[in-house]
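Coordinate analysis (summary)
Listed here are the chains, written in short residue letters.
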Amino acid sequence: PCVWLRSRSTPVIVLLYRFSQCDREGVDACYPSLVVKLLYLCQKMSLLGLFNFLRRSLQRAEATLTDIAGFDGNFAPALAVHGPCVLPQPVQDGNPAPSFLDSIFWMAAPKKRRTIEINRTRRRAPEKLIKVKTNIEPCLECGHPKQKHTLCGYCYAKVRRETGEIRKQIFAMEGKPLNTPAMETVILYDGETPGEGDKDKRVVERPRKRPSWFILS
Amino acid sequence: MRLTLRALISHGRVARKMGLGPESRINMLRNILTGLVRHERIETTWARADEVQFYAEKLIDYAKRGDTDEKAMQMANFWLTEKDLLPKLFKVLAPRFENQSKAYTYMARLPNRENLDRAAMAVLEYKGNPFPPLFPAKRENELTLINQLLKGYREERAQLSGSKP
């Protein structure tokens, strides 16, 4: 513990050491001389001199303490004996960069061979089998199988082919690309003439018989 | 109290991502829509057809305003990359759907594409197009078994009722 004493000119530091009960006699002898010296120094000498004095006095105090406590001087162990090492020693010559693949302690590996029964139950589980489709029905027009929510593939292929042929004809009529007229279109087959509502429409003639599934609505 | 990170979790987000980004998606849809206006029936993947259907119907709504409307012309100019389709849109498609209010397009699913990707395909068309219909009209076929049996039953009933009195 330290006590700061302030005077007008310089601060004075007085250090009080707490000693044990039995050591009080040794210290009390030098105590009055310490105070006298401090008072003398703060009047006459500089701060540097004051610090040097304090350092020396601390060293002396430390020496007296060690004498009182019973240490010889150097703080080496009194007795050293060979015995088994209790604490874990760090490995001196380990690999400079041990890769994780060398270690066999933290890679997952199967413990046992999977039996054929377990394999079969996993491979044949319901979620791994192909699902049965119940939404297949025959097309009413052609009889080919079709899914309930889709168009019949065969019937649509017929429609698509005919649409392609019509478009080829339209392209031939237009001549060049990007030449669409601002008119409706009507498609007529062999032997058909434009009707009442086809007056201001462009006519696309298809040189074949009208297919049965293409009825004029 | 929100316990999830908004950016990383996409629960409930319904908007589709297509192409390289939002701009790429709009460009792609614009090309498909131009093709639809030109050919009036196109075949694409189901997701693209679903997205284009919305834009196709909105385009018709804008076209119905007439070609003198500034906003309608701007929209049509943006969405149709081939400019020879602008007169077709305003003079052919808009009058065709004068009396309809909502459903101008028809989308039907097709069997999956034959390629390795087995993509889900759909055909998208404007109603009233000149091409052969996708859904052939239902005709009662006289030659089916049930119809032949019913025809025989009706003839027998007529014979019995004729012979009785």
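One can find the structure itself at the top, above this paragraph.
Below is a summary of the structure that appears in this document. Residues take numbers from 1 onward in each chain, read along the sequence in its written order. As they are written, the chains are lettered A onward and the ligands numbered 1 onward, keeping that order. The predicted origin of the model limits local features to residues at a pLDDT of at least 70 and limits the giving and counting of side-chain atom pairs to 80 or more, whereas totals for whole chains, interfaces and linings rest on all residues. Excluding hydrogens and water, the side-chain values take into account all heavy atoms of the structure.

In this section: the pattern of salt bridges. Pairing is possible between side chains that carry opposite charge, provided their charged atoms lie close to one another. Just to be clear on terms, a salt bridge is a Lys or Arg side-chain nitrogen sitting within 4 Å of an Asp or Glu carboxyl oxygen. Enumeration over the complete set of coordinates arrives at 20 salt bridges over all chains. A salt bridge links E137(A) to K146(A); the nearest nitrogen and oxygen atoms lie 3.8 Å apart. Partly exposed describes any residue whose relative accessible area lies between the buried limit of under 20% and the exposed limit of over 50%, with all areas from a 1.4 Å probe on protein chains only and scaled to the type maximum. The exposure class assigned to E137(A) is partly exposed, which follows from its relative accessible area of 30%. R118(B) is the partner of E114(B) in a salt bridge, and the nearest nitrogen-oxygen pair spans 3.8 Å. When its relative accessible area of 65% is taken as the criterion, E114(B) is described as exposed.

In this section: the interface of chain B and chain A. Throughout, a contact is declared for two residues whenever any of their heavy atoms are within 4.5 Å. With 27 residues of chain B in contact, the opposing surface of chain A contributes 24 residues. When chain B packs against chain A, close to 2400 Å² is buried across both sides, 63% of that on carbon and sulfur atoms. What counts as buried area is the accessible surface, traced by a 1.4 Å probe, that two parts surrender upon association, with contributions from both included. On the chain B side of the interface with chain A, the three residues burying the most area are P130(B), F131(B) and P132(B), jointly 22% of the side's total. Here chain B is connected to chain A by two salt bridges. Between E184(A) and R96(B) there is a salt bridge, with its nearest N and O atoms 3.2 Å apart. Polar contacts here mean pairs of N or O atoms no more than 3.5 Å apart (in protein, one a potential hydrogen donor and the other a potential acceptor; neighbouring residues in sequence count only if both atoms are side-chain atoms). The interface formed by chain B and chain A holds nine residue pairs in polar contact (both at pLDDT 80 or more) in total. Among the residues making up the side of chain B that touches chain A, the classes are represented as 15 nonpolar, two polar and 10 charged. Here the term charged refers only to Asp, Glu, Lys and Arg, the term nonpolar to Ala, Val, Leu, Ile, Met, Phe, Trp, Tyr, Cys and Pro, and the term polar to all other amino acids, Gly among them.

Turning next to the nonpolar core. Note on terminology: a nonpolar core comprises buried Ala, Val, Leu, Ile, Met, Phe, Trp, Tyr and Cys residues joined through side-chain atoms within 4.5 Å. In terms of nonpolar packing, the biggest core is built from 29 residues, with L33(B), L36(B), L89(B) and Y126(B) touching the most fellow members. In this description a helix means any DSSP run of H or I spanning at least four residues, a strand means any run of E spanning at least two, and both kinds are numbered starting from the N terminus. Listed by contribution, the elements that provide at least two residues to this core are α1 (22-39), α2 (46-63), α3 (70-79), α4 (86-96) and β3 (121-126) of chain B. Sort the elements by how many residues they give to this core and α2(B) lands first, with seven residues. When residues no more than four places from it in sequence are discounted, the contact partners of L36(B) are R41(B), I42(B), V52(B), A56(B), L124(B), E125(B) and Y126(B). Formed by 16 residues, the second largest nonpolar core is a distinct cluster that contains L151(A), I170(A), Y189(A) and M121(B).

Here the focus is the pairing of β3(B). For a regular strand, side chains alternate in direction, first toward one face of the sheet and then toward the other. All names here are of chain B. The buried fraction of β3 amounts to six of the six residues, a majority that puts the element mostly inside the structure. Of the two faces of β3, the one holding M121, V123 and E125 and the one holding A122, L124 and Y126 are both buried throughout. Examined bridge by bridge, strand β1 (residues 41-45) and β3 share five bridges and lie antiparallel to one another. The residue bridging E43 from the neighbouring strand is V123, located in β3. The criterion for strand pairing is that DSSP finds at least two bridges linking the strands in question. For strand β2 (residues 105-109) and β3, the ladder comprises five bridges, and the chain directions are antiparallel. Within β3, the position partnered with Y106 by the bridge is E125.

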